Structure formats: C-alpha cells, structure tokens
Amino acid sequence: MATTIEIALASASFVEKAPLESYVAPEKPSLIGLTRAQLGALLGAIDVPAAQRKMRVQQLWHWIYFRGLTDFDQMTSVSKGLRAKLAENFTLDRPEVVAEQVSVDGTRKWLLRLPGEVQGERPHEVECVYIPDTERGTLCVSSQVGCTLTCAFCHTGTQRWVRNLTAGEIVGQVMAARDRLGDWPGGVRPTEGVVPSGDRCITNIVMMGMGEPLYNLNAVRDALLIVADGEGIAISKRRITLSTSGVVPNIERAGAEIGCMLAVSLHAVRDELRNELVPLNRKYSIAELLKACRNYPGLSNAKRITFEYVMLKGVNDSVEDAKALVRLLKGIPAKINLIPFNPWPGSRFECSDWEQIEKFSQVVFNAGYASPVRTPRGRDILAACGQLKSATEKLSARERMALRAMAMVE
C-alpha cells in the first residue's frame, strides 16, 4: 500500500499535505505564547479589576519572559492571592524535553514532547537544535509537527504533516532551550560542550526547523513578536530569520507583520528542476517567488534576503547553474548561502564535491554576492540542515486504520 508521502509525490499537482490532527488546548492552559492583550483578557476572566490589568500584565511579562520563571509562587511582586488564582487556573509549562543529544562539535538537539489530539495515543514530538559558536548561539526552531511540504532532499519532508504548532509551543521551544542552557538571569550554564562567551547563550533565532513557517503564519508571527519584545526575551528582529520554501502570498505579510530577516530555500535556477526538488514550485514559480522577494518590506543592503542553495552532486551544482543564479537574483539585495547536502538514510542525493562547491562559490562571489559555504553542524546526531526528523515517529493505530480504509476505497 502506498504511503501518503508516495501518493503526494506521485501527483504533480498535489504539493501540500493535509493535517492529520488539530490542536486541543489542555484544561489548564499555559500562559506561554500569549500576547499582552490575551494575558489581559485571561486576567479579566479570573476577576482581576480592569484598572489593575495593565500593571499585572507587565509584571507577568517580566517574570515569564525576562526571568524565565516556571512557578507562580516565585513572582514576589504579585500578591499571594493573585498568585494562588493564577496557579489554580494556569501553568507556565513549556514543551517537555524528553531527549537531548550533544554533537562532537557542540551542537545540541532536543526532542520535545507535545500533547496529541486524542488522549491516550502517542504524543507529538518536534526537534529543536542549538548551534553554538564562541561569541553567539543560534537556536533552530520548528513551526509544525512534521511538514506540509515534500522537498526531495529534506528528511523532515518525508514525515506526515500532523498539525501546526501554537504560538505557545513555538515560544516554548525558546524557553525550554534557555532553561537547559541556564540562559536566564542567575542561570547556571552547562559545563560540557561549546557555550558562547557573551552574556547570552541564545543570540539568534532561525525558523528553519521542522515545518514550513509561512503555512503557520499567525502563530509564527505572534511567537516571534514575543521573542523580539524588548521587555522580555529581547532578541532583535535583525537576529531573527524566517526561512520559507516559497509560500508567495505570505511573504509580504511576514515582512509587514513580523519585520524579521527572510531566507528563501531556492536550490534551483530552472522551474523544471525546482519542481522536483521543491514541489511547491509547481504552485508558485521561481519568477513569482523572486517578484515577492523584490517586494519584501524593508528590503535593503542592510536587510538582505538570504537565498539558501543546497549543493547536490550533478544536479544543481554546475558553473552554468551558478551563472544563472547570479542572473536570477540581479537587483535583489541578497546573500547566497551554499549548503553542502547533509545525507540521511534513504536519500537519493549526494553532496557536491568540495572542488565543485568552490567553483560555484567563486562565480557567485565574483558577481558581488557574499557566498558563504555553511559549515555542516551536528551531522553525527542528525541535527544538520535538512536532517530533522523525529527518530521515534510511528503511525498511530488511528492513522493505520485510516490508511487501510483509504486503500480499501482505492
């Protein structure tokens, strides 16, 4: 019987998977991921007087996002009565860290557990990766359980799309990572592995984990605005990058409503090849994608778009491809990020030879573009670009029954 992935790949017109589940809020919700307005509304629901709500929201914001508290009782500026009410009705829960792997190069990968739609069935799991350097640390955050898309070279793309993450689950990844790294005031940093020497362990956020962020734009927007808020986690929007495979209608919206940096997974210079590598191209062509990039709000030499280009041996890595890439991007303030392909079990692609990557890079550089070759990180723990996929992923009983029913109908 064909899997849902195989069915999707077999159809040239079908590029987006359907979600298998929807989010069901717990009876006792977490306050993580709520906007100030939403926090104020919840305070009103537990009878906090209207005249006090703005002040109380500010207090909660400080304790949650600046101090990183996990217990209402530690919020010493909040009255005991209100702390008790908060604890009775809400939590400060983040996603549960169920596994941690540390690479030989210091990269850390966390497996995070989230509630499923159906009580008693397997919980959902996503992966989050921390990439440290001597002076900065980048956190790679997921936006979906699985992925809507089926990019041919991406391990995550072989998963089913289970559901979108909530704003709380997206912000919660940042909170959980900061917990593990001791990245709050007074926190204790890990002694093993690489940890940046500056004041903060996490200095940059990239929405490049599991999922396509622009198919979950509202939650991603709310989460990133919380992460960027100067009175809380306070990571500058110039240090937050959202990566998309090219959901054209939402690119301009993301720029206007979030204002972060943009990265585009391009990977090919011809529609016929990109149709194969990034099947979303069948819906939004390269020309449409680049038009949206040229219209990205705030685009300038100081706010360049990063074009990601995975180097696939004998597929997209010729000097002619490099010259075509330069012609395509003419007039767009851009950086071209060349990514050596990271192999994963079952992949049909190979990484380009280093000599060929250097030839490609030289053409791009000579045309005036920065063309760094991304150093693969975390390959030994399948944490490198394009490798994220929960090793514990299995079909639930309900999914198996549904697939059997589909096979019988077909």
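Residues numbered from 1 in each chain as written. Predicted model: local features only at pLDDT ≥ 70, side-chain atom pairs only at ≥ 80, totals over all residues. Heavy atoms only, no water.

**Quick look at the nonpolar core**
Stage number 1. Leu139, Phe153, Ile205 and Phe307 are the most contacted members of the largest nonpolar core, which has 107 residues in total.
Stage number 2. For this core, the element with the highest residue contribution is helix 6 (residues 217-228), accounting for 8 residues. (Core = buried A, V, L, I, M, F, W, Y, C linked by side-chain atoms within 4.5 Å. Buried < 20%, exposed > 50% of the residue type's maximum accessible area, 1.4 Å probe, protein only. Helix = DSSP H or I, 4+ residues; strand = E, 2+ residues; numbered from the N terminus.)

**Focus on the side chain of Asn250**
Stage number 1. In this fold, Asn250 is placed in helix 7 (residues 248-257).
Stage number 2. If we ignore the near neighbours within four places in the chain, the residues touching Asn250 are Leu214 and Leu217. (Contact = heavy atoms within 4.5 Å.)

**Structural notes on helix 3 (residues 50-66)**
Stage number 1. With 17 residues, helix 3 ought to run about 24 Å at 1.5 Å a step, and its terminal C-alpha atoms sit 24 Å apart, in line with that.
Stage number 2. Where helix 3 is buried, its residues meet helix 2 (36-45), helix 4 (80-89), helix 5 (167-181) and helix 6.
Stage number 3. Taken from the residues just after helix 3, Gly68 is the one with a positive phi, measuring 75°. (Expected span 1.5 Å × (residues − 1).)

**Remarks on the pattern of salt bridges**
Stage number 1. Within this structure, the stated rule accounts for 18 salt bridges.
Stage number 2. A salt bridge links Arg253 to Glu257, with the shortest nitrogen-to-oxygen separation between them at 2.9 Å. Of this pair, Arg253 and Glu257 both sit in helix 7, 4 residues apart, which is roughly one turn of the helix.
Stage number 3. A residue is classified by how much of its surface remains accessible, and Arg253, at 30% relative accessible area, is partly exposed.
Stage number 4. Glu257 gets classed as partly exposed once you look at its relative accessible area, which sits at 30%.
Stage number 5. Where salt bridges share partners, they join Arg221, Asp222, Arg253 and Glu257 into one cluster. (Salt bridge = Lys/Arg side-chain N within 4 Å of Asp/Glu carboxyl O.)

**Some thoughts on the packing of aromatic side chains**
Stage number 1. Enumeration over the complete set of coordinates arrives at 4 aromatic pairs.
Stage number 2. Centre to centre, the rings of Trp110 and Tyr130 are 6.4 Å apart; their planes meet at 25°, and the pair counts as stacked. With a gap of 20 residues between them, Trp110 in strand 2 (residues 108-114) and Tyr130 in strand 3 (residues 124-132) connect regions that are remote in the sequence. Summarising the burial analysis for this pair, Trp110 and Tyr130 share the class buried.
Stage number 3. Arg36 extends its terminal NZ or CZ atom over the ring of Trp61, reaching a point 4.2 Å from the ring centre.
Stage number 4. The cationic tip of Arg178 hangs over the ring face of Trp184; the distance from NZ or CZ to the ring centre is 4.1 Å. (Phe/Tyr/Trp six-rings, centres within 6.5 Å; stacked < 30°, edge-to-face > 60°. Lys NZ or Arg CZ within 6 Å of the ring centre and 35° of its normal.)

**Some words on the pairing of strand 4 (residues 137-140)**
For a regular strand, the rule is simple: side chains alternate between the two faces of the sheet.
Stage number 1. The side-chain alternation of strand 4 yields two buried faces, one formed by Gly137 and Leu139 and the other by Thr138 and Cys140.
Stage number 2. Linking strand 3 back to strand 4 in an antiparallel pair, the connection comprises 4 residues.
Stage number 3. Pairing analysis gives 3 bridges linking strand 4 to strand 7 (residues 204-207), with the strands arranged parallel. Bridging across to strand 7, Leu139 finds its partner in Ile205. (Pairing = 2+ DSSP bridges.)

**Some points on the packing of helix 6 against helix 7**
Stage number 1. Contact geometry of helix 6 with helix 7 gives a least axis separation of 11 Å together with a crossing angle of 20°. Of the possible angle classes, the one that applies to helix 6 and helix 7 is roughly parallel. The handedness of the crossing between helix 6 and helix 7 comes out as right-handed. Where helix 6 approaches helix 7, its residues Leu217, Asn218, Arg221 and Leu225 are matched on the opposing element by Asn250, Arg253, Ala254 and Glu257.
Stage number 2. Class assignment for the residues of the contact of helix 6 with helix 7 results in 3 nonpolar, 2 polar and 3 charged. (Axes fitted to C-alpha atoms, helices over the stretch in contact; angles between N-to-C directions. Parallel < 35°, antiparallel > 145°, perpendicular 65-115°, else oblique. Left-handed = near helix turned anticlockwise from the far one by under 90°. Nonpolar A, V, L, I, M, F, W, Y, C, P; charged D, E, K, R; others polar.)

**A few points about helix 2**
Stage number 1. Along helix 2, the positions that sit buried rather than exposed are Leu39, Gly40 and Leu43. An end-on view of helix 2 places all buried positions within 100° of arc, on one side of the element. In this structure, helix 2 carries Ala37, Ala41 and Ala45 as exposed residues pointing more than 90 degrees from its buried face.
Stage number 2. Those residues of helix 2 hidden inside the fold are in contact with helix 3 and helix 4.
Stage number 3. Just downstream of helix 2 lies Asp47, where phi reads positive at about 70°. (Arc of directions from axis to C-beta.)

**Looking at the confidence of the model for the chain**
Stage number 1. On average, residues of the chain score 87 in pLDDT, and 87% of them reach the 70 mark or higher.
Stage number 2. At the low end of the mean pLDDT range in the chain sits helix 12 (residues 397-409), at 38; at the high end sits helix 6, at 98.
Stage number 3. When the criterion is pLDDT under 50, residues 383-388 qualifies, and its contacts beyond four places in sequence or with other chains add up to 32 contacts.
Stage number 4. In this model, residues 390-410 is a region of pLDDT below 50 whose contacts with residues beyond four sequence positions or in other chains number 30 contacts. (pLDDT = per-residue confidence, 0-100.)

**Topic: unusual backbone geometry**
Stage number 1. We note that Ala234 has phi near 60°; this positive angle belongs to a residue other than glycine.
Stage number 2. Located in the positive-phi region is His267, a residue other than glycine, with phi close to 70°.
Stage number 3. With respect to the element layout, His267 can be found in the loop between strand 9 (261-265) and helix 8 (271-277).
Stage number 4. By relative accessible area, which is 3% here, His267 ends up buried.

**Quick word on the packing of helix 10 (residues 319-328) against helix 11 (residues 354-366)**
Stage number 1. Packing of helix 10 against helix 11 brings their axes to within 9 Å, and their N-to-C directions diverge by 25°. Between helix 10 and helix 11, the interaxial angle falls into the category roughly parallel. Read as a crossing pair, helix 10 and helix 11 show a hand that is right-handed. Residues Val319, Asp321, Ala322, Lys323, Leu325 and Val326 of helix 10 pack against Gln356, Lys359, Phe360, Val363 and Val364 of helix 11.
Stage number 2. Across the contact of helix 10 with helix 11, the residue classes break down as 7 nonpolar, 1 polar and 3 charged.

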